[in-house]
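What follows is each chain in one-letter form.
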Amino acid sequence: MKKNIIYLVLIVIIGGIAFIPGVRNMLKDTFFPVATIENAVHIGEDDYDIELKGINVPSTNLKTFKNKPVFLNFWGTWCPPCRKEWPTIQKLYDSRKDHVDFVLIAMNDQEDAVRKFLKDNNYNVPVYIAQSPISEKLLPKAFPTTFLLDKTGRIMIKEDAYKDWNTETVHQFIDNIIK
């Protein structure tokens, strides 16, 4: 009888973890506080060679950010999860822009739509539109996709979905990679 109760409690707990998104996300953030750490993947010289047309900043090439920590985000105004994470990116930018370079690349978007989105929401994070092909290592397969690169070009975080970027865990992670 006691074994049956224990099994029933375990099934309820496992079911709660598997099927209740809030519980699953809380446990994920607690035990896996940042997205996948890609230890073996480095961005090479050719991967950085992307001409970027500045929307709210001067145009540049991604190569100018080589040897610096970079928050690299691929997004679109047409993408609901992208729009949802923007306020958290803006807050992270406001507090960490002196330590990490931010490069947000609008994909499959019209320049006018991007400008309107930024103006309507008072966002000032640096936004670009790619003017040359993007390397397979960086080309997103889902939106939003965010990379956090360290100074050596190693992918420290790769997140292929919405994430709240303004958490204490993310701030601490950034502080650790800039050392």
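Our structure is the block above this text.
Everything quoted here is computed from the prediction, not taken from an experiment. Within each chain, residue numbers correspond to sequence positions counted from 1 in written order. In view of the model being predicted, local features appear only for residues whose pLDDT reaches at least 70, and side-chain atom pairs are presented and counted only at 80 or more, with totals across whole chains, interfaces and linings using the full set of residues. The side-chain numbers reported here are obtained from all heavy atoms of the structure, hydrogens and water having been left aside.

### Some points on the overall build of the protein
No. 1: In terms of regular secondary structure, the protein is built from five helices and seven strands.
No. 2: Shown N-terminal to C-terminal, the secondary structure of the protein runs as helices and strands in the order α-α-β-β-β-α-β-α-β-β-β-α.
No. 3: In the protein, which comprises 179 residues, the proportion classed as buried is 41%.
No. 4: Taking contacts inside the protein between residues at least 6 apart in sequence as the whole, the part at least 24 apart equals 73%.
No. 5: Residue-level accessible areas treat just the shown protein chains as cover; the underlying method is Shrake-Rupley with a 1.4 Å probe. Counting only carbon and sulfur atoms, one obtains 57% of the accessible surface of the protein, whose full area is about 10,200 Å². Strands are runs of DSSP state E lasting at least two residues, helices are runs of H or I lasting at least four, and both sets are numbered from the N terminus onward. Remark: exposure states derive from per-residue accessible area (1.4 Å probe, protein chains only) relative to the maximum for the residue type, with buried under 20%, exposed over 50%, and partly exposed in between. Contact between two residues is taken to exist if any of their heavy atoms lie within 4.5 Å; hydrogens are not considered.

### A short note on helix H3 (residues 80–96)
No. 1: Taking 1.5 Å of rise per residue, 17 residues should cover 24 Å, and H3 covers 25 Å from first to last C-alpha, within 8% of that figure.
No. 2: Bend, at a single residue, is the angle you get between axes fitted to the 7 residues ending at that residue and the 7 residues starting at it. The sharpest bend along H3 reaches about 35° and sits at Trp-86, with the proline Pro-87 one to four residues further on.
No. 3: Within the span of H3, buried status applies to Cys-82, Glu-85, Trp-86, Thr-88, Ile-89, Gln-90, Leu-92, Tyr-93 and Arg-96. In this analysis, the expected span of each helix is defined as 1.5 Å times one less than the number of residues it contains.

### Re the environment of Ala-130
No. 1: Residue placement: Ala-130 occurs in strand E5 (residues 127–130).
No. 2: Along the primary structure Ala-130 and Lys-53 are separated by 77 residues, whereas in three dimensions their C-alpha atoms are 6.3 Å apart.
No. 3: Those residues in contact with Ala-130 that sit more than four places away from it in its chain are Ile-50, Glu-51, Leu-52 and Ile-105.

### Details of the packing of aromatic side chains
No. 1: Geometry of aromatic contacts follows a simple scheme: Phe, Tyr and Trp rings, the Trp one being its six-membered ring, pair when their centres are within 6.5 Å, and the pair is stacked under 30 degrees between planes, edge-to-face over 60, tilted otherwise. What the rule picks out here adds up to ten aromatic pairs.
No. 2: Pairing Phe-74 with Phe-147 gives two aromatic rings, centres 6.3 Å apart and planes at 85°, and the pair type is edge-to-face. Note that Phe-74 is positioned in strand E3 (residues 70–75) and Phe-147 in strand E6 (residues 145–149), a separation of 73 residues in sequence. Summarising the burial analysis for this pair, Phe-74 and Phe-147 share the class buried.
No. 3: Seen from their ring centres, Tyr-93 and Phe-102 are 5.2 Å apart, and the 85° between their planes marks the pair as edge-to-face.
No. 4: According to the relative accessible area criterion, Tyr-93 is buried, its value standing at 13%.
No. 5: Three or more aromatic residues joined by ring pairs make a cluster, and in this case those are Phe-71, Tyr-93, Phe-102 and Trp-165.
No. 6: Directly above the ring of Tyr-162 sits Lys-84, whose terminal nitrogen or CZ lies 4.5 Å from the centroid.
No. 7: Above the face of the Trp-165 ring, Lys-163 is positioned so that its terminal group lies 5.8 Å from the ring centre. In this scheme, the term charge over a ring applies when either NZ of a lysine or CZ of an arginine sits within 6 Å of the ring centre and within 35 degrees of the ring normal.

### Regarding the state of the cysteines
No. 1: By convention in this document, the label disulfide applies to cysteine sulfur atom pairs within 2.5 Å. Under the defined criterion, the tally for this structure stands at one disulfide.
No. 2: Residue pairing for Cys-79: its cysteine sulfur links by disulfide to Cys-82, the two sulfurs lying 2.3 Å apart. The chirality of the disulfide connecting Cys-79 with Cys-82 is right-handed, given an S-S dihedral of about 75°. Like Cys-79, the residue Cys-82 is buried in the burial classification.

### Some remarks on the side chain of Thr-145
No. 1: Assignment of secondary structure puts Thr-145 in strand E6.
No. 2: Thr-145 gets classed as buried once you look at its relative accessible area, which sits at 1%.
No. 3: Polar contacts, as counted here, are pairs of nitrogen or oxygen atoms within 3.5 Å of one another; within protein the pair requires one atom able to donate a hydrogen and one able to accept it, and residues that are adjacent in sequence qualify only if both atoms are side-chain atoms. Of the polar contacts made by the side chain of Thr-145, one reaches the backbone oxygen of Ala-142; its length is 2.5 Å.
No. 4: At 3.3 Å, the side chain of Thr-145 and the side chain of Asp-160 are in polar contact.
No. 5: Residues within four places of Thr-145 in sequence aside, it is in contact with Leu-72, Asn-73, Phe-74, Pro-140, Lys-158, Glu-159 and Asp-160.

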